[in-house]
Amino acid sequence: MVEMIAEVSSNHMGKLDRALMLIEAAAVAGADTVKFQYFHAETLWREDDPRYHTTLPLSMPPAWIPRLQQQCSDQGVSFLCTPFSEEAVLCLQDHGVTRYKVASGDITYFPMLQRIAQTGQPVILSTGFASYLEISRALDILDPRGERNKDITLLHCTGGYPTKPEDMALRRILSLGEEFWCPVGLSSHWREWYLDLIGVAYGVVCIEKHFDLDGAGIEAGHSLFPMEFRSLVEAVKKAHDAVGDRWINEGAMSQDDLYARANYRRDESDWLRPVMKENQE
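All figures in this text were calculated on a predicted structure; none of them were measured in a lab.

In this section: the environment of Cys157. Summarising the element assignment, Cys157 is placed in the loop between β6 (152-156) and α7 (172-180). Overall, Cys157 belongs to the buried group, its relative accessible area being 6%. Each C-alpha atom, one on Cys157 and one on Ser187, is 5.1 Å from the other, the two residues being 30 residues apart in sequence. Those residues in contact with Cys157 that lie beyond four places of it in its chain are Ser104, Ser126, Thr127, Gly128, Ser187 and His189.

What follows is the structure, given as structure tokens:
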């Protein structure tokens, strides 16, 4: 199945109670995993950058981490977090985090990638606005033995928030898998959630979608609300079943296919259809 990741990002607005509510709502909406971002303004921006002051109130205190992990456990979903510094990796490691997400903007942040590699834990690597050379260099750090196994997942995404449908470049999902021999997922920043189903047809292993409660989150403009996320989850399940993983041959046909074959395939002796056969094994 396709793992459904609800990306809370900064939609908690710096309030722990809201973060806990987001986890519960995401679980009810069908998420498998809820993801947060662990950053501090001083490790992202220079103090004269306006984004520094925007980021300050949204930074997640380290004391939140065990509370969020426990809430995820209580709600039956996995906890996932994106570190934005070497120190953040160490903090997450100290709290027993077992999988890391690397944001697209940090694919060239080699010291942090090296720190993540040292944990030996699985990694989801976003590839938005990255060249294949940059992706390859990041993989060389995260996977120095070149195993390209299931422990590293590439995540196709784009840099637009929200992304315009004409900029999605979804065929890159296929080329990423062919080029790097890694599982590929999709991180989508568009509210037209039905377009994520194309990713299912292309074989994505996970879909990450920004998630908000009520439109009050700072990233609500490219986030889904609970009912929308639920609709996406249900559609993805149906699409996954529809794509299937079996080849249509005599040994793998469905019962409906076998029934139709027995009752509607023309007989070569007279080109008429056969007498109805109700029971066909």
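Anyway, onward from the coordinates.
A word on the nonpolar core. In terms of nonpolar packing, the biggest core is built from 66 residues, with Phe36, Leu68 and Phe229 touching the most fellow members. For this core, the element with the highest residue contribution is helix α1 (residues 16-28), accounting for eight residues. Those residues within four positions of Phe229 in sequence are excluded, and the remaining contacts are Met4, Ile5, Ala6, Ala29, Gly30, Ala31, Lys209, Phe211 and Leu224. Counting residues in each nonpolar core, the second largest holds five residues, with Leu80, Ile124, Leu155 and Cys206 among its members.

Side chains Val123 and Leu125 of strand β5 (residues 123-126) all project onto a buried face; the interleaved residues Ile124 and Ser126 project onto the opposite face, where all are buried too. Traced from strand β4 (residues 100-102) through helix α5 (residues 110-119) to β5, the parallel crossover comes out right-handed. Pairing of β5 with β6 involves four bridges; the strand directions are parallel. Residue pairing in the sheet places Leu125 in a bridge with Leu154 of β6.

Attention now goes to the packing of aromatic side chains. Within this structure, the stated rule accounts for five aromatic pairs. For the pair Phe36 and Phe79, a centre-to-centre distance of 6.2 Å together with 25° between the ring planes defines the contact as stacked. On the criterion of sequence distance, the pair formed by Phe36 in strand β2 (residues 33-38) and Phe79 in strand β3 (residues 78-83) is long-range, its members being 43 residues apart. Taken as a pair, Phe36 and Phe79 share a single burial class, namely buried. Here the aromatic rings of Tyr132 and Phe180 are separated by 5.3 Å at their centres, their planes lie at 70°, and the arrangement is edge-to-face. Within this pair, whereas Tyr132 is found in helix α6 (residues 132-142), its partner Phe180 is found in helix α7, the two being separated by 48 residues in sequence. Here Tyr132 falls in the partly exposed class, since its relative accessible area comes to 27%. Above the plane of the ring of Phe225 lies Arg191, whose end atom (NZ or CZ) is 5.3 Å from the centre.

Right, let's get into unusual backbone geometry. A cis amide bond links Tyr161 to the next residue, Pro162, at an omega of -5°. By the element assignment, Pro162 lies in the loop between β6 and α7. Even without being glycine, Met13 reaches a positive phi, approximately 60°. Its relative accessible area of 31% is what places Met13 among the partly exposed residues.

Criteria and thresholds
Residues numbered from 1 in each chain as written. Predicted model: local features only at pLDDT ≥ 70, side-chain atom pairs only at ≥ 80, totals over all residues. Heavy atoms only, no water. Helix = DSSP H or I, 4+ residues; strand = E, 2+ residues; numbered from the N terminus. Buried < 20%, exposed > 50% of the residue type's maximum accessible area, 1.4 Å probe, protein only. Contact = heavy atoms within 4.5 Å. Core = buried A, V, L, I, M, F, W, Y, C linked by side-chain atoms within 4.5 Å. Right-handed = clockwise from strand over helix to strand, strands pointing away. Pairing = 2+ DSSP bridges. Phe/Tyr/Trp six-rings, centres within 6.5 Å; stacked < 30°, edge-to-face > 60°. Lys NZ or Arg CZ within 6 Å of the ring centre and 35° of its normal.

Nothing here speaks to function; it is all geometry.
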